[in-house]
Number of protein chains: 2
Amino acid sequence: MAQKPSTPKGTRDFSPVEVAKRNYIFSTIKTNFEKFGFQPIETPSFENSETLMGKYGEEGDRLIFKILNSGDYFKDVRKDVFESAKVTSTIFDIIDVILKSIEKNRNNDEYDSIVSKLLEIYSKRLINKEQAELIKFKFDENKIRFKEFCENSISLTEQELYTKSIEFRRTVFSLFFEKYIDEFPALNPQKASNKISEKALRYDLTVPFARYVVQHQNEIEFPFKRYQIQPVWRADRPQKGRFREFYQCDADVVGSNSLWQEVELVQLYDAVFSQLKLNGVTIKINNRKILSGIAEVIGASDKLIDFTVALDKLDKIGEDGVKKEMLEKGISETAIEKVQPLFNFTGTISEKITKLGDLLASSEEGMKGVEELLFICDNVNEIGLQTATLDLDVTLARGLNYYTGAIFEVSAPKGVDMGSIGGGGRYDDLTGIFGLKNMSGVGISFGLDRIALVIEQLDLFPETVNATSKALFLNFGLEEAKYAMKAIAKLRQAGVKVEMYPDNAKIGKQFQHADKRGIPFAILVGEDEMKNEQFGIKNLASGEQEKVSFDVLLNKLSENK
Amino acid sequence: MAQKPSTPKGTRDFSPVEVAKRNYIFSTIKTNFEKFGFQPIETPSFENSETLMGKYGEEGDRLIFKILNSGDYFKDVRKDVFESAKVTSTIFDIIDVILKSIEKNRNNDEYDSIVSKLLEIYSKRLINKEQAELIKFKFDENKIRFKEFCENSISLTEQELYTKSIEFRRTVFSLFFEKYIDEFPALNPQKASNKISEKALRYDLTVPFARYVVQHQNEIEFPFKRYQIQPVWRADRPQKGRFREFYQCDADVVGSNSLWQEVELVQLYDAVFSQLKLNGVTIKINNRKILSGIAEVIGASDKLIDFTVALDKLDKIGEDGVKKEMLEKGISETAIEKVQPLFNFTGTISEKITKLGDLLASSEEGMKGVEELLFICDNVNEIGLQTATLDLDVTLARGLNYYTGAIFEVSAPKGVDMGSIGGGGRYDDLTGIFGLKNMSGVGISFGLDRIALVIEQLDLFPETVNATSKALFLNFGLEEAKYAMKAIAKLRQAGVKVEMYPDNAKIGKQFQHADKRGIPFAILVGEDEMKNEQFGIKNLASGEQEKVSFDVLLNKLSENK
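Predicted, not measured: the structure shown is a model, and the values here were computed from it.

S.K.: I'd like to hear about the overall build of chain A, residue by residue, with values.
M.R.: Counting secondary structure elements, chain A contains 22 helices and 16 strands. The globule rule puts the C-alpha radius of gyration for 561 residues at 24 Å, and the 36 Å found for chain A is more than 25% above it. On the principal axes, the C-alpha backbone points of chain A span a range of 115 × 80 × 50 Å. Burial status across chain A gives 57% buried among its 561 residues. Partitioning the intrachain contacts of chain A with sequence separation of at least 6 by distance along the chain shows that 70% fall at a separation of at least 24. For chain A, the accessible area works out to roughly 24600 Å², and carbon and sulfur atoms hold 47% of it. In chain A, 76 positive and 85 negative side-chain charges are present, and the distance between their average locations comes to 5 Å.

Following this line, the structure appears as C-alpha cells:
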C-alpha cells in the first residue's frame, strides 16, 4: 500500500495527550455521577436493527450505521437475479405464444385458455407456484393491452406484425418487470434491508438504556439510577465539532416520578462543571407542560414551535420583529396579546414563575408545569449551587415530542461561542416503546467533545493532566542498564511511573527523548554511582543535578506521583 | 413491540456489578501500563476497509464486521437489475431475429451480418456502447451453437421448429445471462462489496496501531510506548468465553530493537497478575528464531507446525506417541533423532537454554534465538518476579507467520481450566504493511474476559469492588427531605457518595431498597433530628443505630469512601 493510510471521514485518532485530557473530563463526570448514587452499565456497540429503527424519526433512521450481515447477501442477490431471469424468459415465452396465436388468428379469443395452459406447463417446468400465480395475475391485469394489440393488428402485413410484435413484447415485458421485480426479497429495498443487515451501531444511549431496563426488569432494583459513558455513531455529514463517532455521558433515573430528581440533576450539572473549573455555565430549565399551556393560550398547539422559535429571537430582532414573525406564521393578534408578559420576561426565576402563573392560570396543564418548576427552582435555590446559574427559559423546547416534564439545557460560560454543552429532561414513558408501561425516566447528558473544546479554549486543563513517566533512566550500557532496571523494578512496585531508554544511544538523543516526552527527571547511572549505590538525578526544567541514595530517589519521585 | 427486546447474538449487557468488576481489572492493567511508561492512544471503532482487509488471512477477512454504506446500494441494485433486463430483452430480440432468419432460410450464412446490423440498431436505441460490445462478444462466442441449431433444423416442420426455437432461445439466454450478469457492478459480488461497504469494525488493536504509527509518524517521538484498551469485533460463532464484541488490552513498543523491552514485558505481566492477586501464572516464552533453527535441524520448515503440534502432546501421549505422529506427518527418523534432547526437555530455563544451544549449534538463526532467550531470561531472573513464573516452551508457536523474535503466552494458575490469558511477541516489520519499513515492534496483550472468568472462579474480586453509595437517606416527607438534601449536598462536596430515596414511600420499602442495593448505612431524619441538627445513622449489617451531628456523620461516611 503506497498511499498513507488514514481514519474514515468524521472519525479521529486520539494521541496520548488528547486521551489524557478526555480522561480528565470523563473521570470528573464519572466521579460526580457516582457521588450522586448513579451506577454504570454498558450495552453492546450494536443492537438488533429493530431495537433502533423507527425510534429517532425518519432522519434518525437514515443516520444509523447498519452492519452488513456476514456472508450471504450477494449470493441471495445473485440467486434472485437468476430466479427473476427465469421468470423473464417465461414471460417472453408466454407473450410469444400469445402473439403467435394473434398472428395466426388475428383475434385473441383464445387468450384466456392459452395463458392458463401455458402457466400450467411452465409452472411445472420452470417456475414455482407463487411465481406462476404472480405471472398469471400480471397477465390478467394486462389483458386489455393484448386485446388492443390484437385489434390494431388486423390490418398489418405479416412483416409489419412481426416488427410490431417485437416492440409490443418489449413494452409488455417492461411493464411486467417493474412490478414483479419487487417480489424477489433480495431485489426489493424494503425486504432486502433486513436480509442484508440485522444489526446497527448504537445511535444514542437512551434507546439502548430503555431496552436494557425492559430486558432486565426482573433483576433491576427500582428506582434505578444508571450512568453510561460510551461512544455512539451517526452517519451525519461531518463538520466542525460534529463527528461520526463520539461519546455520550448520560445519567438517568428510571422508575420514580419524584421531582427531587430534577433538583439533583441540576446539582449534578453544577457539581461537574464546578469541579472542571468551568465557572459561569447557565443551566436553562423549562417544562413541557408550560409549553403545552402556552399552546393552549395561543390557541394552537401546531404553532408552538413557530412561536418559541420567534420568541427566542427577542434579543436579536426586538419585540416588534418577533410579533411580526408570529403574525406571519399565522398566530393571531389576540393570541399574541394574551401572552404579552412573555415579551418582557425578565427578573429572577421566582418572578418569572409568578408571571407564568398569571399567564397560564386558565390552563390546567400549564399550572401543573408552573408547580413543578416552582418545586425544582425553590429547592435548588434553597440548597444552593456552587458556580452554575439556574435560569428559566420558556423558549427551550429541545426534543419537544419526547419530553413530558422538565427540559434542561446547559450553555457554556458567556463569551464562549459554543452551542449547548449538555441537555436532558423527563420522559414519562421511557420504556413504552419496548412494551413496559408507566416507567417514568429523567436524565441529563454531557457533551464531551464540546466540553473539551470549551476547556481547551479557556485553558482550564490542569498541567498535570498528561501523566507521563516521572523519570527516564538513561542507558549507558549493559551493566548500567542492569543496575538501573533493578532500581526501576523497585520504584514501580512502589507505584512510581518510570522507564529506561531502551537503547544505549547517544546521551544527547536520550535527553532529547525525555524532553520531547515531557518527562521531568533524568536519572544518570555511571560507574561511580554504581559503586556507591547512588543515582544521579537531574531536574530537566531547572538543570539542577545531584547524587542520591535509592530511598531519597524514591522520595523525590513519589511527590505528586 | 410485543416481544421482549434482546442484545444481538454474541454480545452482552454489563450490569453495575459487572462493570465494577471489569473496571477493577481494566484499572489494574492501566495503572501498571502507566507505571511501565506506556501511554494511551485511542483509534476509531471503524477503519477504512482497505486498512483492515487482507491483514488477518482469508478467515480473518470473513470475520470482519463490515458497515453498510449509507444510502444508495439498493438503488444501485435496482438500477442494475433494470439495466440487465434491458439487455435481456435485447438478447431475446436478437436471438429471435436470428431464429427467424433460420426459419426462413434454414441456413445461417447471414448470421454475422444480421448480428452486426442488429447490434448497431439496438446499441443506438436501448443499450449503451459497452453493453452492445459485450453482447456482440457473447454472440460471437456462441456462434457455434447457432450453426448447430441451424444444421439440426433443416429437417423440422415449421411447428417443430417453432417449439425448438423457444427451447433454444431459453438455453442460449441462460448461457448469456450467467456471463453478462457479472458486468453489472451492483450484481457482481466482487465489485459490489466495495460499493456496499467501505468501512469495517476494528478486528484487533495491532493493525489500527500500525496504521496510527504510519499516519502520525512525524508527530510521534520514538521509541513509542503505547497502550490501548478498546473493544474489538469479530463475526465469529459465539461460544463459551468467545464473544462478538470484546475488549483487548495491548501494550506495544515500536521503534527499538532493544531486548530490555522483552524483559520489561515479562515484568509487566508479573506486575499486573500480582496486583490482581492472580498468583501462580506461568509466562511462557519462546522465540521464532528457535523455531526456525529447529526447522533447519529437522530439515523441513514446512513440517515445523506438525512438529510443534506433535511435540506439544508429549505429556499426554508420551515420547513414543509423539514420535509415531511425527513419522506419520513425514518427518524423517534421522530428523527426529537430531532433536532427541527436546523429548526430555526439563530443568531450569538456563538448563533448557543450554540444551537448545547444543541442539541448534549448526543453525545460525537458531543460535541468535538462543542468545536472545538467554539475555531475556537471565535478566528477568536477576531482577526477579513477584508471583509469576517464566518458563521456556519450545512448542509455543502462536502467530507463527507474524512474530519474528520473542513469543509470549500466559497460562492461568494450575488447576484453572482456561486457555491462555495473554500473549504477544516481537514483529520486526510492524508497519511495513502501510509502507513504513524497519519499524520493529514488540508487545503483549491481556485477555480481559478470560482474566475476569479466572478471577471470578478463584473468588479474587475484592469485596469493595462494587462501589455503591455509602448511605441512603430515607425520605420521611417534604420538610425532612429538604433537611436531608442540604446535608447530602455538603457530603457530596466532601466527596462522599450518598443519595436520598426519591419518594416518600413506606419505610420498609426504603430499607429494602438500601439492602438490595448493598448500601451499608441508612440515614434517618425525623422531627427530633431536625430540631437538634442531628442525623440518625443505622448500620444495616449490624443493626446498630445512633444519633450524630453532621460532622460525625461526615467522618463516619468518609471511612474507606
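Don't stop here, the text continues.
S.K.: How would you explain the pairing of strand 8 (residues 389-392) of chain A if you had to name every residue and give the values?
M.R.: Residues and elements named next belong to chain A. The side-chain alternation of strand 8 yields one buried face, formed by Leu-390 and Leu-392, and one unburied face, formed by Thr-389 and Asp-391. In this sheet, strand 8 lies alongside strand 7 (residues 282-287) in parallel orientation, the contact comprising 4 bridges. Along strand 8, the bridge assignment pairs Ile-283 with Leu-390.

S.K.: Can you tell me about the packing of aromatic side chains, naming the residues and giving the values?
M.R.: Residues and elements named next belong to chain A. Tallied over the entire structure, the rule returns 34 aromatic pairs over all chains. Relative to Phe-535, the ring of Phe-473 lies with its centre 6.3 Å away and its plane at 85 degrees, an arrangement referred to as edge-to-face. Placement of Phe-473 in strand 12 (residues 471-473) and of Phe-535 in strand 15 (residues 534-539) is noted, with a sequence separation of 62 residues between them. Here the two residues Phe-473 and Phe-535 agree in accessibility, since each one is buried. A network of ring pairs unites the aromatic residues Phe-33, Phe-38, Tyr-227, Tyr-269, Phe-273 and Phe-446 as a single cluster. Positioned above the aromatic ring of Phe-343 is the side chain of Lys-323, whose terminal nitrogen or guanidinium carbon lies 5.0 Å from the ring centre.

S.K.: Outline the nonpolar core, listing residues and values.
M.R.: Ranked by internal contacts, the top residues of the largest apolar core, which has 126 residues, are Leu-356 of chain A together with Phe-473 of chain B. Those residues in contact with Leu-356 of chain A that sit more than four places away from it in its chain are Ile-290, Leu-342, Phe-345, Val-370, Leu-373, Leu-392 and Val-394 of chain A.

S.K.: Please provide a residue-by-residue account of the interface of chain A and chain B, values included.
M.R.: Of the residues lining the interface, 131 residues belong to chain A; the matching set on chain B comes to 131 residues. Buried surface at the junction of chain A and chain B, both sides included, amounts to about 11400 Å², of which 58% is carbon and sulfur. Looking only at chain A, the three residues that lose the most surface to chain B are Lys-35, Arg-170 and Arg-492 of chain A, adding up to 6% of its buried area. Our count for the contact surface shared by chain A and chain B stands at 14 salt bridges. For Glu-34 of chain A, the salt bridge is made with Lys-497 of chain B, and the minimal N-O distance between the two is 3.3 Å. Taken together, the connections running from chain A to chain B amount to 36 residue pairs in polar contact (both at pLDDT 80 or more). Class assignment of the residues belonging to the side of chain A that touches chain B gives a composition of 56 nonpolar, 37 polar and 38 charged.

S.K.: How would you summarise the sheet that holds strand 1 (residues 39-40) of chain B if you had to cite specific residues and measurements?
M.R.: Residue and element names in this part refer to chain B. Taken together, the 8 strands give an open sheet; going across it, the order is 1-5-6-11-10-9-7-8, and neighbouring strands pair in mixed fashion. A single partner strand is all that each edge strand has here, and the edge strands are strand 1 and strand 8 (389-392). Bridge count between strand 6 (residues 245-254) and strand 11 (residues 441-446): 6 bridges; the pairing is antiparallel. Along strand 11, the bridge assignment pairs Asp-252 with Gly-443. Against the sheet, helix 11 (residues 260-275) touches strand 5 (224-233), strand 6, strand 7 (282-287), strand 8, strand 9 (406-411), strand 10 (420-427) and strand 11, its axis set at about 10 degrees to strand 11. Across the sheet, helix 12 (residues 288-298) touches strand 7 and strand 9, and the angle it forms with strand 7 is around 55 degrees.

S.K.: Explain the relation of the copies chain A and chain B to me, using residue names and the numbers behind them.
M.R.: When chain A is fitted to chain B, the best match, at an RMSD of 0.4 Å, comes from turning it 180 degrees and sliding it 0.1 Å along the axis. This pairing of chains is accounted for by a two-fold axis. Minimal C-alpha separation from the rotation axis in chain A is found for Ile-67 of chain A, amounting to 1.9 Å.

S.K.: How would you sum up the sheet that holds strand 12 (residues 471-473) of chain B? Please name residues and give values.
M.R.: Residue and element names in this part refer to chain B. Taken together, the 5 strands give an open sheet; going across it, the order is 13-12-14-15-16, and neighbouring strands pair in mixed fashion. Every interior strand has two partners, whereas the edge strands, strand 13 (498-500) and strand 16 (545-548), have only one. Pairwise comparison of adjacent strand axes, ignoring direction, gives a mean angle of 25 degrees for this sheet. Sheet topology note: the strand 12/strand 13 ladder contains 3 bridges and is parallel. In the sheet register, Phe-473 faces strand 13, and the bridge partner there is Met-500. Of the strands in this sheet, strand 12, strand 13, strand 14 (521-524) and strand 15 (535-539) are in contact with helix 20 (residues 507-517), which crosses strand 12 at around 160 degrees.

S.K.: Before we move on, could you go through the packing of helix 1 (residues 16-35) of chain B against helix 18 (residues 448-457) of chain B and cite the residues and values that matter?
M.R.: Residue and element names in this part refer to chain B. Where helix 1 contacts helix 18, the two axes come as close as 10 Å, and the packing angle between them is 110 degrees. Regarding the angle of helix 1 to helix 18, the classification is roughly perpendicular. In this structure, the crossing between helix 1 and helix 18 has a hand that is right-handed. Facing Lys-21, Arg-22, Ile-25 and Phe-26 of helix 1, the residues of helix 18 in contact are Leu-448, Asp-449, Ile-451, Ala-452, Ile-455 and Glu-456.

The rules behind each value
Residues numbered from 1 in each chain as written. Chains lettered and ligands numbered in written order. Predicted model: local features only at pLDDT ≥ 70, side-chain atom pairs only at ≥ 80, totals over all residues. Heavy atoms only, no water. Helix = DSSP H or I, 4+ residues; strand = E, 2+ residues; numbered from the N terminus. Rg over C-alpha atoms; globule rule 2.2 N^0.38 Å. Buried < 20%, exposed > 50% of the residue type's maximum accessible area, 1.4 Å probe, protein only. Contact = heavy atoms within 4.5 Å. Areas by Shrake-Rupley, 256 points an atom, 1.4 Å probe, with all protein chains shown as cover. Lys, Arg positive; Asp, Glu negative; His and termini not counted. Charge placed at Lys NZ, Arg CZ, Asp CG, Glu CD. Pairing = 2+ DSSP bridges. Phe/Tyr/Trp six-rings, centres within 6.5 Å; stacked < 30°, edge-to-face > 60°. Lys NZ or Arg CZ within 6 Å of the ring centre and 35° of its normal. Core = buried A, V, L, I, M, F, W, Y, C linked by side-chain atoms within 4.5 Å. Buried area = accessible area lost by both parts, 1.4 Å probe. Salt bridge = Lys/Arg side-chain N within 4 Å of Asp/Glu carboxyl O. Polar contact = N/O pair within 3.5 Å; in protein donor to acceptor, adjacent residues only side chain to side chain. Nonpolar A, V, L, I, M, F, W, Y, C, P; charged D, E, K, R; others polar. Axes fitted to C-alpha atoms, helices over the stretch in contact; angles between N-to-C directions. Least-squares fit on C-alpha atoms with pLDDT ≥ 70 in both. Parallel < 35°, antiparallel > 145°, perpendicular 65-115°, else oblique. Left-handed = near helix turned anticlockwise from the far one by under 90°.

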